[in-house]
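Descriptive structure summary
Letter by letter, the chains look like this.
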Amino acid sequence: MNPVDQPHLVKTEAITVAGETPRERGLARASQVAPRVRAAVRAYEGMFERYGLSDMAKKKAARASLDALRDWDPAQFEEVSGIAMGAGLHPPMMGPCPDRFTTLFATTASAQG
């Protein structure tokens, strides 16, 4: 099952997260759900590939998404960065996850001209 294609089938789970800083909370979250974070990133990568998005377009959209998140809510950006690092990912790999629809729109719109 691809959670992107069938999100209603994904089992939810409550976790408790603590930390003094947003980055520490992100690391704590990742310590409990790192395999699920990596699976989500792989699922979105697969979805973007099915839509024919180039690696360059995905990277550009992911960076823009994270830049916008950092500008809008620096604490949330730090937490997402902590989640990525705790899951063994580079933070830009997380860009499409919280903002997948903008990534799809931005990359498909630029591909169309």
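So, how was this worked out
- Residues numbered from 1 in each chain as written.
- Predicted model: local features only at pLDDT ≥ 70, side-chain atom pairs only at ≥ 80, totals over all residues.
- Heavy atoms only, no water.
- Helix = DSSP H or I, 4+ residues; strand = E, 2+ residues; numbered from the N terminus.
- Buried < 20%, exposed > 50% of the residue type's maximum accessible area, 1.4 Å probe, protein only.
- Contact = heavy atoms within 4.5 Å.
- Phe/Tyr/Trp six-rings, centres within 6.5 Å; stacked < 30°, edge-to-face > 60°.
- Lys NZ or Arg CZ within 6 Å of the ring centre and 35° of its normal.
- Salt bridge = Lys/Arg side-chain N within 4 Å of Asp/Glu carboxyl O.
- Axes fitted to C-alpha atoms, helices over the stretch in contact; angles between N-to-C directions.
- Parallel < 35°, antiparallel > 145°, perpendicular 65-115°, else oblique.
- Left-handed = near helix turned anticlockwise from the far one by under 90°.
- Nonpolar A, V, L, I, M, F, W, Y, C, P; charged D, E, K, R; others polar.
- Expected span 1.5 Å × (residues − 1).
- Arc of directions from axis to C-beta.
- pLDDT = per-residue confidence, 0-100.

Now for the overall build of the chain. Tallying secondary structure elements over the chain gives 4 helices and 0 strands in all. Counting across all 113 residues of the chain, residues that qualify as buried make up 33%. Restricting to contacts in the chain with at least 6 residues of sequence separation, those with at least 24 account for 67%.

Counting across every chain of the model gives 0 aromatic pairs. Sitting over the face of the ring of Phe77, Arg70 holds its NZ or CZ atom 5.1 Å from the ring centroid.

Let us now look at the pattern of salt bridges. In the structure shown here, the tally under the stated rule is 7 salt bridges. Measuring nitrogen to oxygen at the nearest pair gives 2.3 Å for the salt bridge that ties Arg23 to Glu78. Within this pair, whereas Arg23 is found in helix α1 (residues 22-50), its partner Glu78 is found in helix α3 (residues 74-86), the two being separated by 55 residues in sequence. For Glu78, a relative accessible area of 26% puts it in the partly exposed group.

Position of Met85 among the secondary structure elements: in helix α3. Relative accessible area serves as the criterion here: at 38%, Met85 is assigned to the partly exposed category. Through-space distance from the C-alpha of Met85 to that of Ala34 is 9.6 Å; in sequence the pair is 51 residues apart. Other than its neighbours up to four places away in sequence, Met85 contacts Arg23, Leu27 and Pro91.

Bringing the side chain of Glu79 into the picture now. With respect to the secondary-structure elements, Glu79 resides in helix α3. Note on Glu79: relative accessible area 17%, which makes it buried. Setting aside anything within four residues of it in sequence, one finds Glu79 in contact with Pro22, Arg23, Arg25, Gly26 and Arg29.

Right, let's talk about the packing of α1 against α3 for a bit. Look at α1 against α3: their axes get within 6 Å of each other, and the N-to-C directions meet at 40°. Between α1 and α3, the crossing angle belongs to the class labelled oblique. Classified by chirality, the crossing of α3 by α1 is right-handed. Between α1 and α3, the residues in contact are Pro22, Arg23, Arg25, Gly26, Leu27, Arg29, Ala30, Ala34 and Val37 and Ala75, Glu78, Glu79, Ser81, Gly82, Ile83, Met85 and Gly86, respectively. Tallied by class, residues from the contact of α1 with α3 come to 8 nonpolar, 4 polar and 5 charged.

The first and last C-alpha atoms of helix α2 (residues 55-72) sit 25 Å apart over 18 residues, in line with the 26 Å expected at 1.5 Å per residue. Of all the positions in α2, only Ala57, Lys58, Ala61, Ala62, Ser65, Leu66 and Leu69 are classed as buried. Buried residues along α2 cover an arc of 160° about the axis, so they all sit on one side. What points out from α2, more than 90 degrees from its buried face, is the exposed set Met56, Lys59, Lys60 and Asp71.

This brings us to the confidence of the model for the chain. Of all residues in the chain, 77% attain a pLDDT of 70 or more, and the chain-wide mean is 80. Taken element by element, the predicted model of the chain shows its lowest mean pLDDT in helix α4 (residues 100-112) (52) and its highest in α3 (93). pLDDT under 50 marks residues 107-113. Its contacts with residues more than four places away, or in other chains, come to 5 contacts.

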